[in-house]
Amino acid sequence: MKNPKIYVAGHRGMVGSAIVRTLQAAGQLNIVTRTHAELDLTDQAAVRAFFASEKPDQVYLAAAKVGGIHANNTYPAEFIYQNLMMQANVVDAAFRNGVKKLLFLGSSCIYPKLAPQPMREDALLTGTLEPTNEPYAIAKIAGIKLCESYNRQYGPGSDDDHGVDYRSVMPTNLYGPNDNFDLASSHVLPALIRKFHDARQAGRSDVEIWGTGSPMREFLHVDDLADACVFLMENYSDDSHINVGTGVDLSIRELAEKVRDVVHPEAELVFDTSKPDGMPRKVLDVSRLRNLGWSPSYDLDPGIRSTYQWYLEQVSTTVGLRGID
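Quick notes on the rules
- Residues numbered from 1 in each chain as written.
- Predicted model: local features only at pLDDT ≥ 70, side-chain atom pairs only at ≥ 80, totals over all residues.
- Heavy atoms only, no water.
- Helix = DSSP H or I, 4+ residues; strand = E, 2+ residues; numbered from the N terminus.
- Rg over C-alpha atoms; globule rule 2.2 N^0.38 Å.
- Contact = heavy atoms within 4.5 Å.
- Areas by Shrake-Rupley, 256 points an atom, 1.4 Å probe, with all protein chains shown as cover.
- Lys, Arg positive; Asp, Glu negative; His and termini not counted.
- Charge placed at Lys NZ, Arg CZ, Asp CG, Glu CD.
- Phe/Tyr/Trp six-rings, centres within 6.5 Å; stacked < 30°, edge-to-face > 60°.
- Buried < 20%, exposed > 50% of the residue type's maximum accessible area, 1.4 Å probe, protein only.
- Axes fitted to C-alpha atoms, helices over the stretch in contact; angles between N-to-C directions.
- Left-handed = near helix turned anticlockwise from the far one by under 90°.
- Nonpolar A, V, L, I, M, F, W, Y, C, P; charged D, E, K, R; others polar.
- Pairing = 2+ DSSP bridges.

(A) Seen up close, the overall build of the protein. Within the protein, the regular secondary structure consists of ten helices and twelve strands. By the compact-globule yardstick of 20 Å for 325 residues, the protein fits well, its C-alpha radius of gyration being 20 Å. Taking as baseline every contact in the protein between residues at least 6 positions apart, the subset at least 24 positions apart corresponds to 79%. Within the structure as shown, the protein displays about 14400 Å² of accessible surface, and the carbon and sulfur contribution to it stands at 48%. Distance between charge centres in the protein, computed from 32 positive and 41 negative side chains, equals 2 Å.

Laid out in structure tokens, this is it:
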């Protein structure tokens, strides 16, 4: 469809804002957005009224309640309830108003804690989830199954064919512009940037790292994810979800050392082993995506540097702020 009307849910977040930037760079100008104050996605009546009024052709469902280990452990009820409600309301309202193409953003935490590594798409529901983020993971699994169910009942070839083509994308750990740097709710990479930055500003050499530093994690720049999402909206049509990542991981210790080298080279790492590690390893099998012809463009080291530069620009009014030397 030429110049489709595209609704990006969650356009102020890290992922949603990156999708908007990517769509605009590709010449898509017919983009619809709403802030949370304008549209509460947990309100079914409001969501249905919005879709009935706007009638978008495509939907990118990037809105979600997200956070790191501390936030997931502290607010499990909010994580499962809000995500379930947002997903159900948007997907159903999209269907009711003739949306044929929808892309749902999930998370790599959907896979079992001890899933074989790298994690393939077919590892879903084969084992027990990581307890620290189980409520969030269950909500995201429900979102995947929601899209699959609408495809099964209303997709091409079904008895009640409405042409529905809804796909689910499972990104690995993300970072980049518009990330959350609040230490009480952020993920590991932005939390490390903030910790090293604060230590540098305070003239401290010690920086506390949660856990043992041994867990292995994979990181993808959010602009790469956005590029993959736009690519998959047009080039992927399958009931199964698809992984998006780099396929390369490193330890939390190695990540902390990379962030230290960019932000505060004189710092010393201090590991608080009383804090949880989470899953021992999380790296995605991205062969399905690579076989479609997509691969990421950002390397981690320059990605960390550009993300820190973005963070500095957001706090540049602070007196005496020191940037990257």
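Once the structure has been displayed, the description carries forward.
(B) Representation of unusual backbone geometry within the structure. Looking along the chain, the bond that leaves Gln117 and enters Pro118 is cis, with omega of -10°. For Pro118, the location among the structural elements is in the loop between strand 4 (101-105) and helix 5 (134-154). Backbone geometry places Leu125, a non-glycine residue, at a positive phi of 65°. Assignment of secondary structure puts Leu125 in the loop between strand 4 and helix 5.

(C) Structural context of the packing of aromatic side chains. This structure, assessed with the given rule, holds ten aromatic pairs. Between the aromatic rings of Tyr7 and Phe50, the centroid separation amounts to 4.6 Å while the plane-to-plane angle is 55°, which identifies the pairing as tilted. Placement of Tyr7 in strand 1 (residues 6-9) and of Phe50 in helix 2 (residues 44-54) is noted, with a sequence separation of 43 residues between them. Accessibility classification places Tyr7 together with Phe50 in one group, the buried group. Considering the side-chain rings of Tyr7 and Phe51, the 5.7 Å spacing of their centres and the 85° angle between planes classify their relative orientation as edge-to-face. Highlighted residues: Tyr7 in strand 1 and Phe51 in helix 2, separated in sequence by 44 residues. Looking at Tyr7, the relative accessible area reads 1%, which means it is buried.

(D) Broad picture of the packing of helix 2 against helix 4 (residues 76-96). Following both chains from N to C, one finds helix 2 and helix 4 inclined at 35°, their axes separated by 9 Å at the closest point. When you trace helix 2 past helix 4, the crossing you get is right-handed. Seen from helix 2, the contacting residues are Gln44, Val47, Arg48 and Phe51; seen from helix 4, they are Asn89, Val90, Asp92, Ala93, Ala94 and Arg96. Residues that form the contact of helix 2 with helix 4 fall into these classes: five nonpolar, two polar and three charged.

(E) Just the sheet that holds strand 9 (residues 242-244), in detail. With parallel pairing, the six strands of this open sheet are ordered in space as 2-1-3-4-5-9. Pairing within the sheet leaves two strands with one partner each, and these edge strands are strand 2 (31-32) and strand 9. Relative to strand 5 (residues 165-171), strand 4 runs parallel, the two being bridged by five bridges. Residue Leu102 lies in a different strand from strand 5, and its bridge partner there is Tyr166. Across the sheet, helix 5 touches strand 4 and strand 5, and the angle it forms with strand 5 is around 155°.

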